Every structure is written in C-alpha cells, then in structure tokens.
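If you want the building blocks of each chain, they are given just below.
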Amino acid sequence: MGRIAGRFARVEPRRRAREFVLGLLSDLPRKNCWTPAEHAGDATPYGLQHLLSRAKWDADAVRDDLRGFVVEELHDKDAVLVVDETGDLKKGTATVGVQRQYTGTAGRIENSQVTVYLACSSPRGHAAIDRELYVPRSWTQDATRCRLAGIPEEVGFATKPQLAARMINRTLDAGIQAPWVAADEVYGGNPQLRGALEDRQVGYVLAVACDHRIATHADKVRVDALVKKLPKRAWQKLSAGAGAKGHRFYDWALADVADDRPGHRYLLVRRNRSNGELAFYRCYSADPVPLTTLVRVAGRRWTVEETFQTAKGLAGLDEHQVRRWTSWHRWVTLTMLAHAFLAATTAHERGHHPAPDGLIPLTCNEIQHLFTALITAVPPAAHRLGWSDWRRRHQARSRACPDERQATHHR
C-alpha cells in the first residue's frame, strides 16, 4: 500500500483504500461494498462507496504503480505479456458496458460486461497489469446512456485488438522490456495488432483460426491445408509447460511465412498427441529463434486463465456492484492490486522458502488463508450484530420503495 499512498491527496481515502484491499484479501464469501466495510469495522458501507465514486484519486496512476510492482516481483528474461478478455455476467442495462454479447465465462451469449486484460506471465508467477473495458457500439452511439454512466466524452468505440494494442504500448512506453506477446484467435487474426507489434520489434505467438490464410512462396493458403503438406520429420514432441498433472506434451511443427519485410515470420502448429486436434499460431521475431522458444511462449498463454480464476475466486474481481465508469475502474484496479499481492507473496515464499519433502509449494489460495488467519483481526460480536441490523433495515427500505411508488401511482 505504500507504493500507491502518494496517489491520494488526503489521508481518509488512503486509509479507506487500505481497508478495502484488506477486505478483498480476506476470505469473505462475497465481496462488494457491504462486506469489506463490515470487515473493516465501519458501521455502514458509505465510506467505501465514497472511495469508489467521489473521492479524489487517480485509478490509472494506481494502475501504473501496480504494473511496476508486478514487473519488479515477477518479471524475468522469460516473461511474456499475455492478452485476453473475460466477461462478468450482469443483470439489467445500466451497468457501464453491459449488453448481450458472447463471453467465454458462460460459453454463450449472455447479458455481460467484457474487459480486456494484459497480464505479465513468467516462471515466477503471473498477474494482470492493465485493463480496458470494452464499450460496445450500442453504448458509444448513445450519448445520453454514456453520460449517465459517467463515460468520458473522448471515449469512442474500440475493438478488443485495439484495446490490447493500447495496453501493450502503454507498457512499452513505461520502459518495461517485453520481448514476447501471446494471445488467442481474437487478436492473432488482426493484422493491425500484428503490424503494431512488428513495428516495435516485439515478438509474438498469436493463435489463429483454422481458416486463417498465410502467404507461401507459391500462393496464400489456409493454415489447415498447409499443415497437411508438412512431412513427418517436421513434428517434434515438446512440453508447453508444466500443468497441474505434470508437463503438457504436444507435437509441434514450424513453417516459414513468405514475407519480404525485416524480421522472421512463422506458422506454428500444435497437435494433440491423444486426439490429433490442431491449433495454429502466427509468430514473429526480429531475430531467428528456435522452435523451443516459440513453444515456450505459446505455453504461457494459458496462465492468463489461471490469473482470471484466482483474481475472481480470491479477490472478487467479478463481484463488483458498481455501475459507473469511474467506480468500475477503481474497483477493478484495487482488485488487481490485491491479486498482485497474493501472486508476488507466493513467488517470494516459493523462492526464499522452498517446500520441504511431502508438501506442495505454497499457492495463492494458501497465502490468502494464512494472511486472513494470521494478519486480519476478527471484529467483535457487537459489530457483527450491528451490521445485521443495518442490512435488514436497508432491505426493509428497499422492499417498501416499490409499494410506495405503486401507491403514489394509484393516487
């Protein structure tokens, strides 16, 4: 918290931010403004609601501090920037950015809010370092709706690859060395994003669809057609990294992409050893690299899924009940900070205190459990009872409001 203290002009919001992050780090079963406020010892949630909505502090400046913290704690020579989006299911139409759209969280079209994240992933650990809310055209074309949600006038429609490029450029402009970027098909199929990375000589391993076309010395062909022409000797068995059940071995092959521009471009193909399923990647590097390097980068992409899982499950990334632009950015940034603390502490403990025989290494889940048990104080019973009264009184008012509106309407 000392890293972000200077971003708050007054001591009150700084203390509120600390209380809020402590609540996010706790083992509360549900995390919104009410539960962290009760955990902090406040009598009502109004103080934390003020922190998220009206208090004076810059969430983007805190994001920059968070990025520096994650890079300092987790970055190494094998680090990869990973781009991916995740959806939060939401009801209604007033929450900023929400509409019926496809989200991988549900695996179908749902009423949801979609955010593109940039994560730093290395063998030491992984955590999100930047975020951009995807604002659909149904919002950007409705000025009144945007104004009611507090979206700044300068915010226009941007595709997910454009949001990804914005975050990558911010990271590189901050002086952070990032030799590789990995992402899925949404980003790999976008030539503008690939071109932007090549202009900055940043290597990439980006997934593409089976009908994606690449240039050969003869013609442009679909990648699933090209793979059929690869000889058996082109395939090598290599690990994409360790998973929960050990190394994840696949068969891999590499083909050159015809291009006269500077740099080296490849098609990387992954084949599942059990069912023969194929996956394809567009790759670029400023200098020649071996197949093992591209496989390593491709294997780091899956860590962003674990980042989402732990940030949601342990820090409440998707549990916010805020509707406006500023409140959303503040909630997500502080949640990312809480998760980054867990990831960095886990990496530190693993590096300085290796697990003895018979124990698995410490995990983010176990770090959170120990932090809650050893660091966080338990509020007295009277405080818990007071909050029970407050919740029930608030719920009673909420139930009475529709009845009062209906009576007024009839009169």
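Just so we're clear, the structure is a prediction, and the values are computed from it rather than from any experiment. Here the residue numbering is sequential within each chain, running from 1 through the sequence in written order. In view of the model being predicted, local features appear only for residues whose pLDDT reaches at least 70, and side-chain atom pairs are presented and counted only at 80 or more, with totals across whole chains, interfaces and linings using the full set of residues. Values shown for side chains rest on all heavy atoms present in the structure; no hydrogens or waters enter the calculation.

Engineer: Just to check I follow, could you spell out the overall build of the protein chain for this structure?
Structural biologist: Summing up its helical and strand segments, the protein chain has 15 helices and 12 strands in all. Radius of gyration (C-alpha) of the protein chain: 24 Å, near the 22 Å computed for a compact globule of 411 residues. For the protein chain, the spread of C-alpha atoms along the principal axes amounts to about 80 × 60 × 40 Å. Pairs of residues are marked as contacts when any of their non-hydrogen atoms sit within 4.5 Å. Counted over contacts in the protein chain with a minimum sequence separation of 6, partners at least 24 positions apart contribute 62%. All accessible-area figures derive from a Shrake-Rupley calculation using a 1.4 Å probe, and residue coverage is judged against the displayed protein chains alone. Accessible area for the protein chain stands at about 21100 Å²; split by element, carbon and sulfur atoms hold 50% of it. Of the charged side chains in the protein chain, 60 are positive and 46 negative, and the gap between their average positions amounts to 4 Å. Helix and strand definitions follow DSSP, with helices as H or I runs of at least four residues and strands as E runs of at least two, each counted in order from the N terminus. For the radius of gyration, the atom set is restricted to C-alpha positions; the globular benchmark scales as 2.2 Å times the number of residues to the power 0.38. This count recognises Lys and Arg as positive and Asp and Glu as negative, with His and chain-terminal groups excluded. The atom standing in for a charge is NZ when the residue is Lys, CZ when it is Arg, CG when it is Asp and CD when it is Glu.

Engineer: Even after reading the chapter, I still don't get the pattern of salt bridges, so can you show me in this structure?
Structural biologist: Side-chain pairing between opposite charges can occur once the charged atoms of the two side chains come close. When a carboxyl oxygen of Asp or Glu is within 4 Å of a side-chain nitrogen of Lys or Arg, the pair counts as a salt bridge. For the structure shown, the criterion picks out 27 salt bridges. For Arg-131, the salt bridge identified is with Asp-130, shortest N-O distance 3.9 Å. Buried residues are those whose accessible area, probed at 1.4 Å on protein chains only, stays under 20% of the maximum for their type, while exposed residues exceed 50% and partly exposed ones sit between those limits. Overall, Asp-130 belongs to the buried group, its relative accessible area being 0%. Where Asp-251 meets Arg-271, a salt bridge forms, and the shortest distance between an N and an O atom there is 3.3 Å. Note that Asp-251 is positioned in strand β10 (residues 246-256) and Arg-271 in strand β11 (residues 264-271), a separation of 20 residues in sequence. With relative accessibility at 11%, the residue Asp-251 sits in the buried group.

Engineer: For this particular structure, what's the right way to read the packing of helix α12 (residues 303-315) against helix α13 (residues 325-352)?
Structural biologist: The axes of two packed helices give the description: the angle between them and the distance between them. Closest axis-to-axis distance for the α12/α13 pair is 10 Å, and the angle between their directions is 105 degrees. Our classification of the angle between α12 and α13 gives roughly perpendicular. Between α12, through Thr-307, Thr-310, Ala-311, Leu-314 and Ala-315, and α13, the contact on the second element is made entirely by Thr-335, Ala-338, His-339 and Leu-342. Under this grouping Gly is polar, as are all residues other than the nonpolar Ala, Val, Leu, Ile, Met, Phe, Trp, Tyr, Cys and Pro and the charged Asp, Glu, Lys and Arg. Residue composition of the contact of α12 with α13, grouped by class: five nonpolar, four polar and no charged. Here an axis means a line fitted to C-alpha atoms, over the contact stretch when the element is a helix, while the angle between two N-to-C directions is reported on a 0 to 180 degree scale. Should an angle lie under 35 degrees it is considered roughly parallel, over 145 roughly antiparallel, and from 65 to 115 roughly perpendicular; all remaining angles are considered oblique.

Engineer: Looking at this structure, I do not really get the side chain of Thr-171. What am I missing?
Structural biologist: Within the secondary structure, Thr-171 is located in helix α7 (residues 160-173). For Thr-171, a relative accessible area of 0% translates into the label buried. What Thr-171 contacts, discounting residues up to four positions off in sequence, is Arg-67, Leu-81, Leu-118, Ile-129 and Ile-176.

Engineer: So what exactly am I meant to see when it comes to unusual backbone geometry here?
Structural biologist: Excluding glycine, residues mostly carry a negative phi; peptide bonds, for their part, are mostly trans. Of note, the phi angle at Gln-201 is positive, near 55 degrees, even though the residue is not glycine. Within the secondary structure, Gln-201 sits in the loop between α9 (191-199) and β6 (203-208).

Engineer: When you look at the nonpolar core in this model, what are you seeing that I'm missing?
Structural biologist: Side chains of a nonpolar character, in soluble globular proteins, are inclined to be buried together. Val-70, Val-83, Val-181, Val-205, Trp-252, Leu-268 and Tyr-281 are the most contacted members of the largest nonpolar core, which has 101 residues in total. Ranked by residue count, the leading element in this core is α13, at 13 residues. Aside from chain neighbours lying at most four places away, what touches Trp-252 is Ala-234, Trp-235, Gln-236, Leu-238, Ala-240, Leu-268, Val-269, Arg-270, Tyr-281, Leu-291, Val-295 and Ala-298. Of all hydrophobic cores here, the second largest spans 15 residues; its members include Val-208, Trp-235, Ala-253 and Val-257. Only buried Ala, Val, Leu, Ile, Met, Phe, Trp, Tyr and Cys residues count toward a nonpolar core, and they belong to the same one when joined by side-chain atoms within 4.5 Å.

Engineer: What should I look at first to understand the pairing of β10 in this one?
Structural biologist: If a strand is regular, its side chains alternate between the two faces of the sheet. By the convention used here, strands pair only if DSSP detects at least 2 bridges between them. Sheet topology places strand β9 (residues 236-243) next to β10; six bridges connect them, and they run antiparallel. In the strand pairing of β10, Gly-243 is matched with Gly-246. What sits between the antiparallel neighbours β9 and β10 is a turn of two residues. Relative to β11, β10 is paired through six bridges, and the arrangement is antiparallel. Note that in β11 the partner of Trp-252 across the bridge is Arg-270.

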